[in-house]
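# Report on the structure
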Amino acid sequence: MYQCRDCGSHFEVAIIKNIKGKGKIRVCPECFGVWFTTIQHTHCRCCGAKLPVTAVEYCNEHCERRGLLMWQRERDRRKKVAKSSLYTTQSLLERYNKRYHTRYSYGQFVTLILPTLTKEQIENEL
């Protein structure tokens, strides 16, 4: 089990991605971050009880079902946030500022820059 340091998500298997010039690297499936750590559980992820030696993450089947449902809901919530218009506009702003070495705020970007960009520029250049 791994935990991403960027988005905080927990996942079983990292995605292997090809990066030009760097070869294949392992990334987080949620945010594609490269900083994650291995987690060793000593307490149940659902109820907090100390785990027996044979258990890995949950103390019994009920806690496992409940915990997996909870993590699935959290993962779905994070995906919805990542697809929201506010998040996509904010990430577009960060890429624009980085590419053109500017320091526009969100409000400045939305009112001054975003209306002048075409869909083609947004998809290709940024």
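Preceding block: the structure.
Residues numbered from 1 in each chain as written. Predicted model: local features only at pLDDT ≥ 70, side-chain atom pairs only at ≥ 80, totals over all residues. Heavy atoms only, no water.

## Things to note about the packing of aromatic side chains
Condition: In this analysis, rings of Phe, Tyr and Trp, with Trp reduced to its six-membered ring, are considered paired at centre separations within 6.5 Å, and the interplanar angle assigns stacked below 30 degrees, edge-to-face beyond 60, and tilted for intermediate values. Starting at the N terminus, helices and strands are each numbered in turn, a helix being any DSSP run of H or I of at least four residues and a strand any DSSP run of E of at least two. Only protein chains enter the accessibility calculation, which uses a 1.4 Å probe; a residue whose area is less than 20% of its type maximum is buried, one above 50% is exposed, and one in between is partly exposed.
Counted by the stated rule, this structure contains four aromatic pairs. Between tyrosine 96 and tyrosine 100, the aromatic rings sit 4.8 Å apart at their centres with planes inclined by 50°, giving tilted as the arrangement. Linking tyrosine 96 with tyrosine 100, this pair stays in helix α2 (residues 85-100), spanning four residues, or about one helical turn. The exposure class assigned to tyrosine 96 is buried, which follows from its relative accessible area of 12%. Counting every residue linked through ring pairs, the aromatic cluster contains Tyr96, Tyr100, Tyr104 and Phe109.

## Observations concerning the side chain of threonine 89
Stated formally: Any two residues having at least one pair of non-hydrogen atoms within 4.5 Å are treated as being in contact.
Mapped onto the elements, threonine 89 comes out in helix α2. Residue classification places threonine 89 among the buried positions, given a relative accessible area of 15%. Not counting the four nearest positions on each side in its chain, threonine 89 is found in contact with Tyr106, Phe109, Val110 and Leu114.

## So, the packing of helix α1 (residues 61-83) against α2
Under the convention used in this document: Here an angle of 0 to 180 degrees is reported between the N-to-C directions of two axes, which are lines fitted to C-alpha atoms, with helices fitted over the stretch in contact. Roughly parallel refers to an angle under 35 degrees, roughly antiparallel to one over 145, roughly perpendicular to one between 65 and 115, and oblique to any angle outside these ranges. Lys, Arg, Asp and Glu make up the charged group, whereas Ala, Val, Leu, Ile, Met, Phe, Trp, Tyr, Cys and Pro make up the nonpolar group; the residues left over, Gly among them, are polar.
Running from N to C, α1 and α2 point in directions that differ by 55°, and their axes come no closer than 5 Å. It follows from the interaxial angle that α1 and α2 lie oblique. Residues Val81, Ala82 and Lys83 of α1 pack against Ser85, Tyr87 and Thr88 of α2. Per-class residue counts for the contact of α1 with α2 are three nonpolar, two polar and one charged.

## Focus: the side chain of asparagine 97
Basically, it comes down to this: In the analysis that follows, any N or O atom pair within 3.5 Å is treated as a polar contact, provided that within protein one partner can donate a hydrogen and the other can accept it, and provided that, for residues neighboring in sequence, both atoms belong to side chains.
Its location among the elements puts asparagine 97 in helix α2. Overall, asparagine 97 belongs to the buried group, its relative accessible area being 13%. In this structure the side chain of asparagine 97 is engaged in a polar contact, spanning 3.0 Å, whose partner is the backbone oxygen of tyrosine 104. Once you skip the residues sitting within four places of it in the chain, asparagine 97 turns out to touch Thr102, Arg103 and Tyr104.

## So, the state of the cysteines
In plain terms, the rule: Count a disulfide wherever a pair of cysteine sulfur atoms falls within 2.5 Å.
Evaluation of the coordinates by the stated rule reveals zero disulfides. Left without a disulfide partner, cysteine 47 is nearest to the cysteine sulfur of cysteine 59, which lies 3.6 Å away.

## Observations concerning a nonpolar patch on the surface
Here is the rule: A patch consists of residues exposed above 30% relative accessible area that lack any salt bridge, with like charges linked at up to 9 Å and nonpolar side chains (Val, Leu, Ile, Met, Phe, Trp, Tyr) linked at up to 5 Å. Residue-level accessible areas treat just the shown protein chains as cover; the underlying method is Shrake-Rupley with a 1.4 Å probe. One side-chain nitrogen of Lys or Arg within 4 Å of one carboxyl oxygen of Asp or Glu is enough to make a salt bridge.
A cluster of nonpolar side chains, Leu86, Tyr106 and Val110, forms an exposed patch at the surface whose accessible area comes to about 250 Å². If you trace the backbone, leucine 86 turns up in helix α2. The exposure class of leucine 86 is exposed, given its relative accessible area of 53%.

## Examining the sheet that holds strand β1 (residues 2-4)
Inclusion rule: Strands pair, by our definition, only if DSSP identifies at least two bridges between them.
Strand order in the open sheet made by the three strands is β2-β1-β5, with antiparallel pairing throughout. For this open sheet the edge positions go to β2 (10-11) and β5 (36-38), each flanked by a neighbour on one side alone. Two strands pair when backbone bridges link them, and β1 and β5 are joined in this way by three bridges, in the antiparallel orientation. Of the residues in β5, the one forming a bridge with glutamine 3 is threonine 37.

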